[in-house]
Amino acid sequence: MTGTATASRTSPTDASLTDRLALSARCADGVTGTAAFFDWLAERQLHHAQRTERIPFDALDQWGFDPGTGDLGHVSGRFFSVQGLRVRSDFGAVPEWSQPIISQPEVGILGIAVREIGGVLHFLMQAKSEPGNVNGVQLSPTVQATRSNYTRVHGGSPVPYLDVFRTPEPGRVLADVLQSEQGSWFLRKRNRNMVVEAGAGLEAGEDFCWLTLGQLNALLRCENLVNMDARTVLSCLPDWDRVTGPGRAVHSGREIRSWLTGRRVTHEVVTERLPLRAVPGWHRTADAISHDEGRFFSIVAVHVGSRSREVPSWTQPLLRPHGRGVAALLVKRVDGVLHALMQARVEPGFADTVELGPTVQCTPANHAHLAAADRPAHLDLVLGADRARVLFDTVLSEEGGRFDHAQTRYLIISVDDRDAVEESAAFRWLSAGQLEDLLKYSGHVNVEARTLVAALRTVR
C-alpha cells in the first residue's frame, strides 16, 4: 500500500538505531493511516480468500506415507515430513512418551524490510493468507518463506522482495539471528529472523503496506492479526525503550548465563526417531493421526484453493492442536527495574535441550487429568489473575502454514511481593534488558517468549 509521504534521504548512520526505532514507536499514524490500513486489510482479505477443506489422506496430491516407515512426506523430499519420536526426559510430570513431530530441516527466511518515509522508519508488512489461519489473512513479514518455497520447488511464482534479504546492502542489516520454533511440534526447526533497511526506491506492492512501529505495537493487541512470524522478527529488534530505573537486575548477566547453561547440562532429554506407523499411543484413521485419549493434537490433511499464492491450489498435512494454549509472563519491578519470571523449559525439538520460555506455557486441557502438584507451576495464578493486574491479554495465532487453527492466549500479568512468586531451580527473574541481550543470540528465548517480549515493549 503506497503512501503520499516523501522518502527521507537520511543515512542509517546519521542517528542511532535505537533513537530511530523510538521515534517510529512513538508514531501512532504513519504514511498509511490506521483507518486506511484496516480498509486495505479488508480488501486484501476479500482478494486472498482461501478455501481450505479437510480431506482424507488418500486424497493428498504429491504427499504420501512411506511404505516402510509410515512417515508422511512430499514426493520431492522437500518442504517437511511428519515422523515419529520417542522422548525420555526428567523435565515435567511425564518421564517418557512418544509422538508424531514435524521434521523440516530447512532454514527459512523471515524478513521485514524497513525504510525511512517522512523521516520515520516504516516497516513493510504483508497481507498473507495461510491455510491454517482461523481468519484467512494475517499481517506477516515482508518475506516469509521456506527454502523450498523461495527455490520454487512447487513450481510457483517468485517470492517478492527476496533479494533484499538474500543480498542485503552493507551496513543495512538491523537484526539477523537464527531462532527456533515450537519445540513440542517441530524437530530442531529454525528460521533466519532479519530486519533490513532498504533504500528509498523500495515501494509497497498491492499486498504490502508501510506501517510504523507504533502502529504495529497497537496492532499486536488485535486478536489473530499480527502473525507468529512477524512477532518473532519484531522481538529481535534492538530495544528502543529500555527502562533501567535506579536499581540493578536481580541477577547479573553472568549469573543468568551460568544458570541457563546449568539447566542444559542438568536436564536429560533423549530423543529417538521412530517410524510414524510404530508410535505407541497414537492411531491412524482415514483422515487423521490422533492420540488414543484424544489429547494434544492430530495430524490432518487439507486441500487449499487460492487465487493469490505462488500456486493456485495444493494439498498438504497440517498439525491441528486440541485446545487453546496459554502463554503468560509474570512481571514485576525490582528497585524500579522491570523483570520477567522466565522458565528454563525443555522441549524435545530444541537443538540445545533448554530455552527460556514464558512463566507459563501449556495447553490447560492437556493437564486437566493430572494431580494439582503435577500441573504447570503458576498456572492457577495466571488463570485467576485480577483483571486490574493484566497488562496484556490477546489471543494470537501460531504459524498457519503448518498448524491448523492453532491459537494461544498471550498474557502479561503484574505481580508484587504480596504474591510470593519465588524463584526455583527452573525459574529466574530476568530484567527486560537481559532478555533483550539474549535475543541477539540463537537458541536462548523460545518462540512463545519472543511474542511476549514484543508485547512487553508495548506496556512499559
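What comes next concerns the included structure.

Conventions adopted
- For every chain, the first residue of its written sequence is number 1, and the numbers climb from 1 along that sequence.
- In keeping with the predicted nature of the model, local features appear solely for residues at pLDDT of at least 70, side-chain atom pairs appear and are counted solely at 80 or more, and the whole-chain, interface and lining totals rest on all residues.
- Hydrogens and water are ignored here; the side-chain numbers use all heavy atoms of the structure.
- Helix and strand definitions follow DSSP, with helices as H or I runs of at least four residues and strands as E runs of at least two, each counted in order from the N terminus.
- It is over C-alpha atoms that the radius of gyration is taken, and the globule rule equals 2.2 Å times the number of residues to the power 0.38.
- Only protein chains enter the accessibility calculation, which uses a 1.4 Å probe; a residue whose area is less than 20% of its type maximum is buried, one above 50% is exposed, and one in between is partly exposed.
- Contact definition: two residues touch when any of their heavy atoms are within 4.5 Å.
- For a helix, the expected span equals 1.5 Å multiplied by the number of residues minus one.
- Relevant arc is that of directions from the helix axis to the C-beta atoms, nothing else.
- In protein, a polar contact requires one atom able to donate a hydrogen and another able to accept it; more generally it is a pair of N or O atoms within 3.5 Å, and residues adjacent in sequence count only if both atoms are side-chain atoms.
- Any carboxyl oxygen of Asp or Glu within 4 Å of a side-chain nitrogen of Lys or Arg constitutes a salt bridge here.
- When charges are counted, Lys and Arg are positive and Asp and Glu negative, with His and the chain ends excluded.
- Put simply, buried Ala, Val, Leu, Ile, Met, Phe, Trp, Tyr and Cys residues joined by side-chain atoms within 4.5 Å make one nonpolar core.
- Simply put, an axis is a line fit to the C-alpha atoms, just over the touching stretch for a helix, and the angle between two N-to-C directions goes from 0 to 180 degrees.
- Note that the term roughly parallel is reserved for angles under 35 degrees, roughly antiparallel for angles over 145, roughly perpendicular for angles of 65 to 115, and oblique for everything else.
- Whether a crossing is left-handed or right-handed is set by the direction in which the near helix is turned from the far one by less than a right angle, anticlockwise for left-handed and clockwise for right-handed.
- Each residue gets one of three labels, nonpolar for Ala, Val, Leu, Ile, Met, Phe, Trp, Tyr, Cys and Pro, charged for Asp, Glu, Lys and Arg, and polar for the others, Gly among them.
- Any two strands are treated as partners once DSSP identifies two or more bridges connecting them.

**Some details on the overall build of the protein**
In step 1: Within the protein, the secondary structure is distributed over ten helices and 25 strands.
In step 2: The C-alpha radius of gyration of the protein comes to 22 Å, within 12% of the 23 Å expected for a compact globule of 460 residues.
In step 3: A total of 460 residues make up the protein; the buried ones form 55% of that total.
In step 4: Here the contacts in the protein between residues at least 6 apart in sequence split such that 74% fall between residues at least 24 apart.

**With respect to the environment of I109**
In step 1: Within the fold, I109 resides in strand β6 (residues 108-117).
In step 2: A relative accessible area of 5% places I109 in the buried class.
In step 3: For the pair I109 and R192, spaced 83 residues apart in the sequence, the C-alpha separation amounts to 5.0 Å.

**A few points about unusual backbone geometry**
In step 1: At T353, a position not held by glycine, the phi torsion is positive, near 70 degrees.
In step 2: Looking at the secondary structure, you find T353 in the loop between β20 (337-346) and β21 (354-357).
In step 3: Positive phi values are uncommon outside glycine, yet H378 reaches one of about 70 degrees.
In step 4: Counting through the fold element by element, H378 comes out in the loop between β22 (360-362) and α8 (379-383).
In step 5: Classification of H378 by relative accessible area gives partly exposed; the value is 22%.

**A closer look at helix α2 (residues 34-47)**
In step 1: If you check α2, its first and last C-alpha atoms are 20 Å apart, about what 14 residues at 1.5 Å a residue would give, namely 20 Å.
In step 2: Buried residues of α2: F37, W40, L41 and R44, and no others. Along the axis of α2, the buried positions cluster into a sector of 105 degrees, meaning they face one direction only. Turned more than 90 degrees from where α2 packs its buried face, A35, D39 and L46 sit exposed.
In step 3: In this structure, the buried residues of α2 make contact with β7 (120-129), β8 (137-140), β13 (208-212) and α5 (213-219).

**So, the side chain of T32**
In step 1: Secondary-structure assignment places T32 in the loop between α1 (17-26) and α2.
In step 2: At a separation of 3.0 Å, a polar atom in the side chain of T32 contacts the main-chain carbonyl oxygen of W210.

**As for the pattern of salt bridges**
In step 1: Taken as a whole, this structure holds 21 salt bridges when the rule is applied.
In step 2: For E169, the salt bridge identified is with R172, shortest N-O distance 3.9 Å.
In step 3: For E169, a relative accessible area of 48% translates into the label partly exposed.
In step 4: Of the charged contacts in the structure, one is a salt bridge between D437 and K440, with a shortest N-O distance of 3.6 Å.
In step 5: In this structure K440 comes out as exposed when scored by relative accessible area, which is 55%.
In step 6: One network of salt bridges, in which partners are shared, links R389, D416, R418 and D419.

**Structural notes on the side chain of K189**
In step 1: Position of K189 among the secondary structure elements: in the loop between β11 (186-187) and β12 (190-197).
In step 2: The buried charged residue K189 lacks any salt bridge, with E181 as its nearest oppositely charged partner at 4.3 Å.
In step 3: Not counting residues within four places of it along the chain, the set of residues in contact with K189 comprises Q104, E106, G108, Q179, S180 and E181.

**Regarding the nonpolar core**
In step 1: Counting residues in each nonpolar core, the largest one holds 33 residues, and the members touching the most others are F37, F123, M125, L139 and L211.
In step 2: With four residues, β7 is the largest single contributor of residues to this core.
In step 3: In contact with M125, not counting residues within four places along its chain, are W40, I112, L139, S140, P141, D207, F208, C209, L211, L216 and A230.
In step 4: Residues F91, V354, L439 and L456 belong to the second largest nonpolar core, which totals 29 residues.

**Points about the packing of helix α6 (residues 228-235) against helix α10 (residues 447-456)**
In step 1: With their axes 8 Å apart at the nearest point, α6 and α10 run at an angle of 70 degrees to one another. In this view, α6 runs roughly perpendicular relative to α10, as classed from their interaxial angle. Where α6 crosses over α10, the two elements pack in a sense that is left-handed. Each of M228, R231, T232 and S235 in α6 lies in contact with α10, whose residues at this interface are V447, R450, T451, V453 and A454.
In step 2: Its residues assigned to classes, the contact of α6 with α10 shows four nonpolar, three polar and two charged.

**Looking at the pairing of strand β16 (residues 288-291)**
In step 1: Across the two faces of β16 the burial is the same, with A288 and S290 and I289 and H291 all buried.
In step 2: One ladder, built from three bridges, connects strand β15 (residues 282-284) with β16; its direction is antiparallel. Looking at the pairing, W282 lines up with H291 of β16.
In step 3: Hairpin connection of β15 to β16: three residues between the antiparallel strands.
In step 4: The pairing of β16 with strand β17 (residues 297-305) spans three bridges and is antiparallel. Looking across to β17, one finds that S290 is bridged to S298.

**Regarding the pairing of strand β24 (residues 407-414)**
In step 1: Among the eight residues of β24, six are classified as buried, and the element is accordingly described as predominantly covered.
In step 2: Direction of pairing for strand β19 (residues 325-334) relative to β24: parallel, over a ladder of seven bridges. Across the sheet, G325 pairs through a bridge with T408, a residue of β24.
In step 3: Sheet topology note: the strand β23 (residues 390-397)/β24 ladder contains seven bridges and is antiparallel. If you follow T394 over to β24, its bridge partner there is Y410.

By themselves, these are just geometric observations and shouldn't be taken as functional.
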